[in-house]
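Fold and geometry: a report
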Amino acid sequence: MKVLRRLIYRDALSAVAFVTLAFLGLFFFFDLIDELRWVGRTGGDLYKPSHALVFVLLSLPSHLYELLPITVLIGTIFVMARLAQSSEFTIMRTSGMGPWMALRTLLVLGLGFVVLTFAVGDYIAPAAERLAQTVKAAQLGKVSSGATGAWLKERQGDHSFAVNVNALSNDGDLLGVRIFEFDAQGHMASQTRAESAVVSTNDDTWELRNVTRSTYVVEAGQARLDRVREAALRWPTRISAEMVAASLLKPDRMATLDLFQYIRHLESNGQSAQRYEIEFWRKVFYPLSCLVMVVLALPFAYLHFRSGGIAGYVFGGVMAGISFFLLNNVFGYAGNLQNWSPWLTAAAPGFIYSLLSLGAFSWLVLRR
């Protein structure tokens, strides 16, 4: 049995590696074409083709994390279908490899891909993404998430603050800072604008630079606006630089622990964390989809077809895998709109396809 398992593992790993490299090469080409539009622009230094190449290479781990389950499905389906077509799997069955042993063999293989997917998504991809943004910021001068930047909220006593950071500089400074203060009745008490800010590592403060502060004052039933300009101002806050960086990054590019800490910050300040909770549970369940993929591929080893039919079966399996990811995204959007339970929203697609995969396996193997 060790020889048979080693044969399946070797063929599956080589097939998955080949498919993964092919997909990564395709994404690399398209990303490089898209990134070349920044070549020639200046911020800090001139953005050169070599910088674009480094940025695209550092973005590949994120694509690897997204692609692994689908490449595991395609590679495993191809191996199982080829073994069935050449009657090698029939020989394995006559040699003592029963259905449950075949299922256990693929589940062990799937667990290996689960660990790999988790490691890439939680450690390699976030670190590479941060490094890629640093490389780009060093040349263009800042890291931004669009026109609105990052929005955060914090409560201090009976007052609340809405904070907007437009971008991060290449040395970690916050650029384009706006702080809106609201009193206990929800009325705006002050508005602070700063050209930049530095997060202190010694205490919970931001050092604002080139500050314009507008304070709304009500005296004797009359309201007035006091505006002052200062070169520097220290603002106490528990919002860290990591939280700002996390809000500038896409939720699916964040590590699981960072997502959890950011969710706790949102909840402690009365903000909706539904979107981030769904993304957190998707990060938890997403690596497990590799198990779903290998179980979905196993029935292909028990199909009987001639050489002309293998391409159709493989294409059908690939379409089934693509439909899984479409359903996963649909559940994510619907759960966010309908306020469904985050963990149930993230786990439902995998659970549904696991039942379908096991049903197909039972029908093909145990009943036919």
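Residues numbered from 1 in each chain as written. Predicted model: local features only at pLDDT ≥ 70, side-chain atom pairs only at ≥ 80, totals over all residues. Heavy atoms only, no water.

1. Digging into the nonpolar core
Nonpolar side chains in soluble globular proteins generally cluster together in the buried interior. One finds M80, F89 and L298 to be the most contacted residues of the largest nonpolar core, which totals 49 residues. Those elements that provide at least two residues to this core are α1 (2-35), α2 (49-85), α3 (88-94), α4 (99-140), α8 (289-297), α9 (310-338) and α10 (342-367). Broken down by element, the residue count for this core peaks at 12 residues, all from α2. For L298, the contacting residues outside a window of four places in its chain are M80, A102, L103, L106 and F361. Counting residues in hydrophobic clusters, the runner-up holds 26 residues, among them A150, V177, V244 and L259. (Core = buried A, V, L, I, M, F, W, Y, C linked by side-chain atoms within 4.5 Å. Buried < 20%, exposed > 50% of the residue type's maximum accessible area, 1.4 Å probe, protein only. Helix = DSSP H or I, 4+ residues; strand = E, 2+ residues; numbered from the N terminus. Contact = heavy atoms within 4.5 Å.)

2. Observations regarding the environment of I352
Within the secondary structure, I352 is located in helix α10. Residue I352 is classed as partly exposed on the basis of its relative accessible area, which comes to 34%. Each C-alpha atom, one on I352 and one on V292, is 9.7 Å from the other, the two residues being 60 residues apart in sequence.

3. Topic: the packing of helix α6 (residues 256-268) against helix α7 (residues 274-285)
In contact at an axis separation of 10 Å, α6 and α7 are set at 160° when each is read in the N-to-C sense. Classified by the angle between their axes, α6 and α7 sit roughly antiparallel to one another. Of the two possible hands of crossing, α6 and α7 adopt the one that is left-handed. In this structure, α6 contributes T256, L259, F260, Y262, I263, L266 and E267 to the contact, and α7 contributes Y276, E277, E279, F280, K283 and V284. Broken down by class, the residue content of the contact of α6 with α7 amounts to eight nonpolar, one polar and four charged. (Axes fitted to C-alpha atoms, helices over the stretch in contact; angles between N-to-C directions. Parallel < 35°, antiparallel > 145°, perpendicular 65-115°, else oblique. Left-handed = near helix turned anticlockwise from the far one by under 90°. Nonpolar A, V, L, I, M, F, W, Y, C, P; charged D, E, K, R; others polar.)

4. Here we look at the packing of aromatic side chains
Taken as a whole and judged by the stated rule, the model has 11 aromatic pairs. Chaining the aromatic ring pairs together yields one cluster made of F260, F280, W281 and F285. Here the guanidinium or amino end of K283 rests over the ring plane of Y65, the centre of that ring lying 4.7 Å away. (Phe/Tyr/Trp six-rings, centres within 6.5 Å; stacked < 30°, edge-to-face > 60°. Lys NZ or Arg CZ within 6 Å of the ring centre and 35° of its normal.)

5. Notes on the pattern of salt bridges
A full pass over the atoms with the stated rule returns seven salt bridges. The partner of D11 in a salt bridge is R10, with the nearest N and O atoms 3.5 Å apart. The buried category is assigned to D11, whose relative accessible area is 13%. A salt bridge links R213 to E181, with the nearest nitrogen and oxygen atoms 3.8 Å apart. Taken together, the residues span a long stretch of sequence, with R213 in strand β6 (residues 205-219) and E181 in strand β4 (residues 174-182) at a distance of 32 residues. Owing to a relative accessible area of 25%, R213 belongs among the partly exposed residues under this scheme. When its relative accessible area of 13% is taken as the criterion, E181 is described as buried. (Salt bridge = Lys/Arg side-chain N within 4 Å of Asp/Glu carboxyl O.)

6. Digging into the confidence of the model for the protein
On average, residues of the protein carry a pLDDT of 82, and 88% of them reach 70 or more. Of all helices and strands in the protein, the one with the weakest mean pLDDT is strand β1 (residues 142-143) (57), whereas α1 scores best (90). (pLDDT = per-residue confidence, 0-100.)

7. Here's the deal with the pairing of β6
Relative to β6, strand β5 (residues 188-199) runs antiparallel, the two being bridged by nine bridges. In the strand pairing of β6, T192 is matched with R213. Two elements, β6 and strand β7 (residues 222-236), share 14 bridges in a ladder whose sense is antiparallel. Considered in β7, the bridge of R213 is made with V228. (Pairing = 2+ DSSP bridges.)

8. Things to note about the packing of α2 against α8
Packing of α2 against α8 brings their axes to within 8 Å, and their N-to-C directions diverge by 20°. Relative to α8, the element α2 is oriented roughly parallel. In the packing of α2 onto α8, the handedness of the crossing is right-handed. Between α2 and α8, the residues in contact are P69, V72, L73, T76, I77 and M80 and S289, C290, M293, V294, L296 and A297, respectively.

9. A short note on α2
End to end, α2 covers just 47 Å across 37 residues, shorter than the expected 54 Å (1.5 Å per residue, more than 12% under). The element α2 is extensively covered by neighbouring structure, given that 27 of its 37 residues are classed as buried. Phi turns positive, to about 65°, at S87, one or two residues after α2. (Expected span 1.5 Å × (residues − 1).)

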